[in-house]
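# Results of the structural survey
Letter by letter, the chains look like this.
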Amino acid sequence: MEDISVTRIMPNSLEAEQSVVGSMIMDRQAIITAGEMLVPDDFYHKQYGVMFQAMVEMCNDGKTVDIVTLQEKLKEKDVPPEVYSIEFVKELLASVPTSANIRQYASIVKDKSILRNIIRVNEKIASDCYAGKESTKDILEETEKRIFELVRNKGESDYNPIDKIVLEALDKISTAAKNRGAPTGFKDLDSYLSGLQPSDFVLVAARPSMGKTAFVLNVAENVAIKQGITTAVFSLEMSKEQLVNRLLAMESHVDSQNMRTGNLKDEDWTKL
């Protein structure tokens, strides 16, 4: 039996790309919305990516976007005549149901773009693995970096309607009134922070050897052991064994220096 070569087309949505560009011609607000969510490379069909970029540039320059002005802008970009022809643009406008759905159209285009990037990353990773020219550690680090870039550039908008944010803020205030948060074990600190609250990011800063790690481990111990809340500790300075030794010393009240040297008495072993 003869082998049949199957050529697979990368994920894309011609209709969504046409709808995005058509909506942008119809509505200036659609240009702003699409410009927040997409970049030219998100378009699989390059002519629509060129049109998208042209309209974003015109909007940023404060210029009016319509069929005539867009046609002139595209001519400057030296694109094929069929791309900036009046007939081509009119067909785009005719294919758009409504510009009100621009966010949904742009989301489809972005999703397809992410899928294509995932495929490219997978292919690059597979090629590196087969080539065997790099160490496993380097390949893993590069893989992590590429996946992180995909997640970071997934195109979700940072802008939210304030009415929703107000309701969320009121919910959090109500929750805080009922729940004082996870106590750190330091009463004065808890009075300032209302305990450790979800979504809080607390920085502990001090000069070297001032007890930052000891303080943080005390908080982690209190939250994990006394409050029974799952806790993770990450350190770029101390090994996992050193961190555990500190926790053992704190919990058992055995001198950490004696633990380090192994100079322990029978009662010390009992405490441990």
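As a reminder, the structure under discussion sits directly above these lines.
Please read all numbers here as calculations on a predicted model, not as lab measurements.

## Structural notes on the overall build of the protein
- The helix and strand tally for the protein stands at 14 helices and 0 strands.
- Taken from N to C terminus, the helices and strands of the protein fall in the order α-α-α-α-α-α-α-α-α-α-α-α-α-α.
- Compactness check: the protein gives a C-alpha radius of gyration of 29 Å against a globular reference of 19 Å for 272 residues, more than 25% above the reference.
- The principal-axis extents of the C-alpha atoms in the protein amount to approximately 90 × 60 × 40 Å.
- In the protein, 61% of the contacts between residues at least 6 apart in sequence involve partners at least 24 apart.
- For the protein, the distance from the average site of its 33 positive side-chain charges to the average site of its 42 negative ones is 4 Å.

## Points about the packing of aromatic side chains
- Summed over the entire model, instances satisfying the criterion amount to 3 aromatic pairs.
- Judged by centre distance (6.0 Å) and plane angle (15°), the rings of Tyr48 and Phe88 are stacked. Taken together, the residues span a long stretch of sequence, with Tyr48 in helix H3 (residues 46-60) and Phe88 in helix H6 (residues 86-94) at a distance of 40 residues.
- Judged by centre distance (5.1 Å) and plane angle (50°), the ring pair of Phe186 and Phe215 falls under tilted. You can see Phe186 sitting in the loop between helix H9 (162-178) and helix H10 (187-193) and its partner Phe215 sitting in helix H11 (residues 212-226), a full 29 residues away along the chain.

## Quick notes on the nonpolar core
- Formed by 33 residues in total, the largest nonpolar core has its most connected members in Val20 and Met51.
- Secondary-structure elements contributing two or more residues to this core are helix H1 (14-26), helix H2 (28-37), H3, helix H4 (67-76), helix H5 (81-84), H6 and helix H7 (102-131).
- For this core, the element with the highest residue contribution is H3, accounting for 8 residues.
- Dropping the residues within four chain positions of it, Met51 is found in contact with Val21, Ile25, Leu70, Leu74, Val83, Phe88, Val89 and Leu92.

## Here's the deal with the side chain of Thr184
- Its place among the elements puts Thr184 in the loop between H9 and H10.
- A polar contact is formed between the side chain of Thr184 and the backbone nitrogen of Phe186, at a distance of 3.2 Å.
- Separated by 2.9 Å, the side chains of Thr184 and Asp190 make a polar contact.
- Ignoring anything within four residues of it in the chain, the contact list for Thr184 reads Leu189, Asp190, Leu196, Asn218, Val219 and Asn222.

## Observations concerning the layout of surface pockets
- Counted as a void, the largest pocket has a volume near 1,200 Å³.
- Val202, Val204, Val216, Leu217 and Val219 are, among the 36 residues lining the largest pocket, the residues nearest its centre.
- The set of elements that each furnish at least two residues to the lining of the largest pocket consists of H10, H11 and helix H12 (240-252).
- Sort the elements by how many residues they give to the lining of the largest pocket and H11 lands first, with 9 residues.
- Reported here for the second largest pocket is a volume of approximately 220 Å³.
- Contributing to the lining of the second largest pocket are Ala214, Met238, Gln242, Asn245, Arg246, Ala249, Met250, Ser256, Met259 and Arg260.
- Elements with a contribution of two residues or more to the lining of the second largest pocket: H12 and helix H13 (256-261).
- With 5 residues, H12 is the largest single contributor of residues to the lining of the second largest pocket.

## Describing unusual backbone geometry
- Phi angles above zero are rare outside glycine, and Ser209 is one such case at about 60°.
- When you line up the elements, Ser209 lands in the loop between H10 and H11.
- Here the phi dihedral of His253 falls at roughly 65°; this positive angle occurs in a residue that is not glycine.
- Looking at the element boundaries, His253 is found in the loop between H12 and H13.
- The class of His253 is exposed, set by a relative accessible area of 66%.

Rules and cut-offs
Residues numbered from 1 in each chain as written. Predicted model: local features only at pLDDT ≥ 70, side-chain atom pairs only at ≥ 80, totals over all residues. Heavy atoms only, no water. Helix = DSSP H or I, 4+ residues; strand = E, 2+ residues; numbered from the N terminus. Rg over C-alpha atoms; globule rule 2.2 N^0.38 Å. Contact = heavy atoms within 4.5 Å. Lys, Arg positive; Asp, Glu negative; His and termini not counted. Charge placed at Lys NZ, Arg CZ, Asp CG, Glu CD. Phe/Tyr/Trp six-rings, centres within 6.5 Å; stacked < 30°, edge-to-face > 60°. Core = buried A, V, L, I, M, F, W, Y, C linked by side-chain atoms within 4.5 Å. Buried < 20%, exposed > 50% of the residue type's maximum accessible area, 1.4 Å probe, protein only. Polar contact = N/O pair within 3.5 Å; in protein donor to acceptor, adjacent residues only side chain to side chain. 1 Å grid on protein atoms, 1.4 Å probe; cavity = no way out; pocket = protein on both sides within 12 Å on 5 of 7 lines; lining within 4 Å. Points joined across faces, edges and corners; volume = space filled by probe spheres on them.

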